[in-house]
Amino acid sequence: MAEAAVETGRQYAVKTLDVEKEYVMGKQSLMALKGISVEVMSGEYISIMGPSGSGKSTLFNMIGGLDKPTGGKVYIDEVDISGLDSYELAWLRCRKIGYIFQTFNLIPVMTALENCTLPMIFAGMTSQDAMDKAAELLALVGLGDRLRHKPLELSGGQQQRVAVARSLANDPAIILADEPTGNLDLRTGKEIIDLLRRLNKEKGVTIISATHDLKMLDVSDRIIWIRDGMVDKIEKRSELDIEVGTLEGEEA
Amino acid sequence: MLTDVKERAGIKRQIKLPNREAFKIALRSVKIRLWRSVITMVGIVLTIAFLSSVMTSGTIAQAAASDRTDAAALSAKATQVWLIAISLLICAVGITNAMLMSVTERYREIGTMKCLGALDWFVVKLFLIEAVLLGLIGSVLGATLGFIAGLLAGMSQYEHLLGAMPWGKALQNVAVAIGIGTGLAVIGAIYPARRAGKMPPADAMRTEI
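Small disclaimer: the values here were computed from a predicted structure and weren't measured.

Glancing now at the sheet that holds strand 7 (residues 174-178) of chain A. All names here are of chain A. Taken in spatial order, the six strands of this open sheet run 6-7-8-3-9-10, and their pairing is mixed. In this open sheet, the two edge strands, each paired with only one partner strand, are strand 6 (97-100) and strand 10 (230-236). Taking each pair of neighbouring strands and ignoring which way they run, the sheet shows an average axis angle of 15°. The sheet contact formed by strand 6 and strand 7 spans four bridges and is parallel. Bridge pairing in strand 7 links Ile 100 to Ala 177.

Following this line, the structure appears as structure tokens:
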């Protein structure tokens, strides 16, 4: 696998190798992931699709270093993240990865601007520089005039934009989005997807999005289908066009 | 080999939370839950006021009758020590309870902070600063109130008290009471803060309340 990356001159942004996750609740145990191996090249826009409970979000947590797999390995930029100590892991979360969540997860007591500055403050930037950059990022996502608003004073779509701006704070190589459109209506969801796609094109950020929003299919380079904790199939967008019709029929 | 790969990927360890920023965040968390903060603080104020007034009365009684030690006074003192110890204990339990609630309520916020790169001790630091703020404000208020109460009680008992009052000792008492109150708040907050800090981000965010 590694040789292939060298040959093509492109690097893997994320690679998982037989990742397993078992949740133990008392005497019962549940295999949420049953050996998932996927590779994501840097600069790709990937959607992880699958029904609820298929393990998408669990996989998302593994890739993001938010939870530890019970088996297998996760590599980010060719580094096995199980070998990182808590400082290095924090650094990785702070600098390398930007997170976007279904529930936005903004800090409610902070303004849009302050929410965006937080990762930069953790990264050691001075307060003034962080504010300037946060204002720039908020302008980029179309919220230049909402800097001083608290999350509760913003609409869902606007809150998710703030989250997108925050995820970009430290120029991450990878943006992980867990159901970014799950709490949004069709139109605002589309806007967020377009925004992510634009960032992917303009900044070359790798985007990995767990979703069951079929609107995502149009913009993804590849789609990884997960079912029952296993990879069902991996499709390129070019192969997909024929199937969308039937899929939508299925879901509806 | 591993360090080599890490270096190539540019993974470092430097993550910061400057005190000034931590203080700002903690202050805001106190302010946003003002009502609850006030209730927690009232507990500290009352406890420390009690402690401070007892200490002040003790100092006054000593100054007024420095050469006398009678058994009644000593046994009264023993009861007071008990009362003080119990009130301090209750105060610490109250703070722990309030902070635990505050931690539970903020699971998601804590998880989010960790996703953004916060280390465990950032979270601990934020909660401890909050406790210090509550403890300090509460103790200063309490110690002052207690001192005034003790002084008024003393003045009704002894004439010419203001002239004979050992002010140095009295101020020292107030300082000690403030110290004890703040310390108590921190002790009460250590367990909740550590619990908050240790949570894995995924777990913290999965929790729904």
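From this point, things continue past the structure.
In this structure, A:Cys116, A:Leu138, A:Ala165, A:Leu176, A:Ile208, B:Ile95 and B:Phe127 are the most contacted members of the largest nonpolar core, which totals 122 residues. When residues in this core are grouped by element, the largest group, 11 residues, is from helix 6 (residues 120-157) of chain B. If sequence neighbours within four positions are ignored, A:Leu138 has contacts with A:Ala112, A:Leu113, A:Cys116, A:Leu143, A:Gly144, A:Leu147, A:Val162 and A:Ala165.

A word on the interface of chain B and chain A. Taken residue by residue, the interface counts 28 residues in chain B and 26 residues in chain A. Of all the elements in the fold, those that place two or more residues in the side of chain B that touches chain A are helix 1 (2-8), helix 2 (19-32), helix 5 (107-115) and helix 9 (201-206) of chain B.

Moving on, we get to the packing of helix 6 of chain B against helix 8 (residues 167-198) of chain B. Residues and elements named next belong to chain B. Helix 8 packs onto helix 6 with a crossing angle of 155° between their chain directions and a minimal axis gap of 7 Å. Overall, the two elements helix 6 and helix 8 adopt an arrangement that is roughly antiparallel. Remark: the crossing between helix 6 and helix 8 carries right-handed chirality. Classifying every residue of the contact of helix 6 with helix 8 gives 23 nonpolar, nine polar and three charged.

A word on the pairing of strand 7 of chain A. Where a strand is regular, its side chains alternate between the two sheet faces. Residue and element names in this part refer to chain A. Counting buried positions along strand 7 gives five out of five residues, so the element sits mostly inside the fold. By the alternation rule, side chains of strand 7 split into Ile 174, Leu 176 and Asp 178 and Ile 175 and Ala 177, which are all buried. By the bridge criterion, five bridges tie strand 7 to strand 8 (residues 206-211) in an arrangement that is parallel. Among the inter-strand pairings, Ala 177 is bridged to a residue of strand 8, identified as Ser 209.

Right, let's talk about the pairing of strand 1 (residues 12-25) of chain A for a bit. Residues and elements named next belong to chain A. Two elements, strand 1 and strand 2 (residues 28-41), share 11 bridges in a ladder whose sense is antiparallel. Residue Val 14 lies in a different strand from strand 2, and its bridge partner there is Val 40. In sequence, strand 1 turns back onto strand 2 through a hairpin of two residues, with Gly 26 there showing a positive phi of about 65°. Bridging between strand 1 and strand 4 (residues 71-76) involves five bridges; their strand directions are antiparallel. What sits directly across from Lys 15, in strand 4, is Tyr 75.

Parameters and conventions
Residues numbered from 1 in each chain as written. Chains lettered and ligands numbered in written order. Predicted model: local features only at pLDDT ≥ 70, side-chain atom pairs only at ≥ 80, totals over all residues. Pairing = 2+ DSSP bridges. Helix = DSSP H or I, 4+ residues; strand = E, 2+ residues; numbered from the N terminus. Axes fitted to C-alpha atoms, helices over the stretch in contact; angles between N-to-C directions. Core = buried A, V, L, I, M, F, W, Y, C linked by C-beta atoms within 7 Å. Buried ≥ 20, exposed ≤ 12 C-beta atoms within 10 Å, placed from the backbone. Contact = placed C-beta atoms within 7 Å. Parallel < 35°, antiparallel > 145°, perpendicular 65-115°, else oblique. Left-handed = near helix turned anticlockwise from the far one by under 90°. Nonpolar A, V, L, I, M, F, W, Y, C, P; charged D, E, K, R; others polar.

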